[in-house]
Amino acid sequence: MASILVIIPAYNEEATVAAVVHEVRQALPEASALVVDDGSTDATGERALAAGARVLRLPFNVGVGGAVQAGYLYAWRKGFQVAVQVDGDGQHQATEIAGLIAPILSGEADLVVGSRFLHGDSYRSTPARQMGIALLRSLLSRLACQRFTDPTSGFRAVGRELIRFFARNYAYEYPEAESLLLARRQRFRIKEVPVAMRPRQGGTSSLRGWRSLYFMLKVFLALGVIMLRPPERVNAGD
């Protein structure tokens, strides 16, 4: 069995992080859970430790992209074969992880994304956010020359080679969509699988109302910048 690391980026998620860790350990007892405490000002790190997770504490808040990249760097240096990203707010169901890692273990894909919309739009959000996701879905699919249904999903699994690449090259501002385009331009194989997600179990999203559309416009610009950069492979052994 491949060694698996579940990366849980968390910023001020003291209300939910312990439950997330417990759920991960119950669903996948053979995996290691790593909570990347992204400069939290509450008891996120302490709650994660008490729940049995390894905790990587960042000295200040760097954002989800930086936190996730820190997790990939940890996974690469510690020799993990598969890394799974799970949000610390309780949206992602750990029972779905087996479906995420299966295509990685079978050699079918390098990156597997859990999609809320692959088999229909059963996930409810605000109209502005739904519109933004639809626009981003269309643009990213065209740029990547591959159809994506859930470009903002942070519920995903990657194999060893992509762990190495993401440890060196990862998007800080808009990591979900940008990382998909980065991976496609490096010719990594990406697959979506259907998953069910819960509403946030704690905290509030920073992308509410028309801020969602503003966020999407900035993502469009970031994707354009990626298209202007030449692809770059990480050398073996880096």
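In case you missed it, the structure is sitting above this.
Presented here is a report on the structure given in the accompanying data block. These numbers were taken from a predicted model, which means no experiment stands behind them. (Residues numbered from 1 in each chain as written. Predicted model: local features only at pLDDT ≥ 70, side-chain atom pairs only at ≥ 80, totals over all residues. Heavy atoms only, no water.)

**Digging into the pattern of salt bridges**
Here's step 1: Throughout the structure, instances matching the rule amount to seven salt bridges.
Here's step 2: The residue R57 makes a salt bridge to D37 at a minimum N-O spacing of 3.7 Å. Linking R57 in strand β3 (residues 54–58) with D37 in strand β2 (residues 32–38), this pair joins segments that are 20 residues apart in sequence.
Here's step 3: With relative accessibility at 42%, the residue R57 sits in the partly exposed group.
Here's step 4: On the accessibility criterion, D37 (4% relative accessible area) is buried.
Here's step 5: Linked by salt bridges that have partners in common, D37, E46 and R57 make up one network. (Salt bridge = Lys/Arg side-chain N within 4 Å of Asp/Glu carboxyl O. Helix = DSSP H or I, 4+ residues; strand = E, 2+ residues; numbered from the N terminus. Buried < 20%, exposed > 50% of the residue type's maximum accessible area, 1.4 Å probe, protein only.)

**Quick notes on the packing of helix α3 (residues 64–77) against helix α6 (residues 160–168)**
When two helices pack together, their arrangement is given by the angle between their axes and by how far apart the axes lie.
Here's step 1: At a minimum axis distance of 8 Å, the contact between α3 and α6 shows a crossing angle of 130°. Here α3 is positioned oblique relative to α6, judged by the angle of their axes. The interaxial crossing formed by α3 with α6 has left-handed handedness. Here Q69, Y72, L73, A75 and W76 of α3 lie close against α6, whose contacting residues are R160, I163, R164, F166, A167 and R168.
Here's step 2: Considering only residue class, the contact of α3 with α6 consists of seven nonpolar, one polar and three charged. (Axes fitted to C-alpha atoms, helices over the stretch in contact; angles between N-to-C directions. Parallel < 35°, antiparallel > 145°, perpendicular 65-115°, else oblique. Left-handed = near helix turned anticlockwise from the far one by under 90°. Contact = heavy atoms within 4.5 Å. Nonpolar A, V, L, I, M, F, W, Y, C, P; charged D, E, K, R; others polar.)

**Topic: the side chain of Q85**
Here's step 1: Here Q85 shows up in strand β4 (residues 82–85).
Here's step 2: According to the relative accessible area criterion, Q85 is buried, its value standing at 2%.
Here's step 3: A polar contact of 3.4 Å, which involves the side chain of Q85, links it to the backbone oxygen of G154.
Here's step 4: Beyond its immediate stretch of four places on either side in the chain, Q85 contacts I7, P9, V68, Y72, H92, G154, F155, R156 and Y170. (Polar contact = N/O pair within 3.5 Å; in protein donor to acceptor, adjacent residues only side chain to side chain.)

**So, the pairing of β2**
Here's step 1: Most of β2 sits inside the fold, with seven of its seven residues counted as buried.
Here's step 2: Remark: the strand β1 (residues 4–10)/helix α1 (residues 17–27)/β2 crossover connection has right-handed handedness.
Here's step 3: Two strands pair when backbone bridges link them, and β2 and β3 are joined in this way by five bridges, in the parallel orientation. What sits directly across from V36, in β3, is L56. (Right-handed = clockwise from strand over helix to strand, strands pointing away. Pairing = 2+ DSSP bridges.)

**Structural notes on the sheet that holds strand β6 (residues 156–159)**
Here's step 1: With mixed pairing, the seven strands of this open sheet are ordered in space as β3-β2-β1-β4-β6-β5-β7. The open sheet has two edge strands, β3 and β7 (190–194), and neither has a second partner. The sheet shows a mean angle of 20° between the axes of neighbouring strands, taken without regard to direction.
Here's step 2: Relative to β4, β1 runs parallel, the two being bridged by four bridges. For L5, the partnering residue across the bridge sits in β4 and is A83.
Here's step 3: Against the sheet, α3 contacts β1, β2, β3, β4 and β6, and its axis sits at roughly 155° relative to β1.
Here's step 4: Packing against the sheet, α6 makes contact with β4, β5 (111–115) and β6, and its axis sits at approximately 100° to β6.

**Observations regarding helix α4 (residues 97–105)**
Here's step 1: Residues I97, L100, I101, P103 and I104 constitute the buried set of α4. Buried residues along α4 cover an arc of 150° about the axis, so they all sit on one side.
Here's step 2: Turning to α4, the residues buried within the fold contact β1, α1, β4, β5, β6 and β7.
Here's step 3: In the segment just after α4, G107 is the residue with positive phi, at about 80°. (Arc of directions from axis to C-beta.)

**Some details on α6**
Here's step 1: Within α6, the full set of buried residues consists of L162, I163, R164, F165, F166 and A167.
Here's step 2: On its buried side, α6 packs onto α3, β4, β5, β6 and α7 (175–185).

**Digging into the pairing of β1**
Here's step 1: Buried residues dominate β1, accounting for seven of its seven residues.
Here's step 2: Taking every second residue as pointing to the same face, both faces of β1 are buried, with I4, V6, I8 and A10 on one and L5, I7 and P9 on the other.

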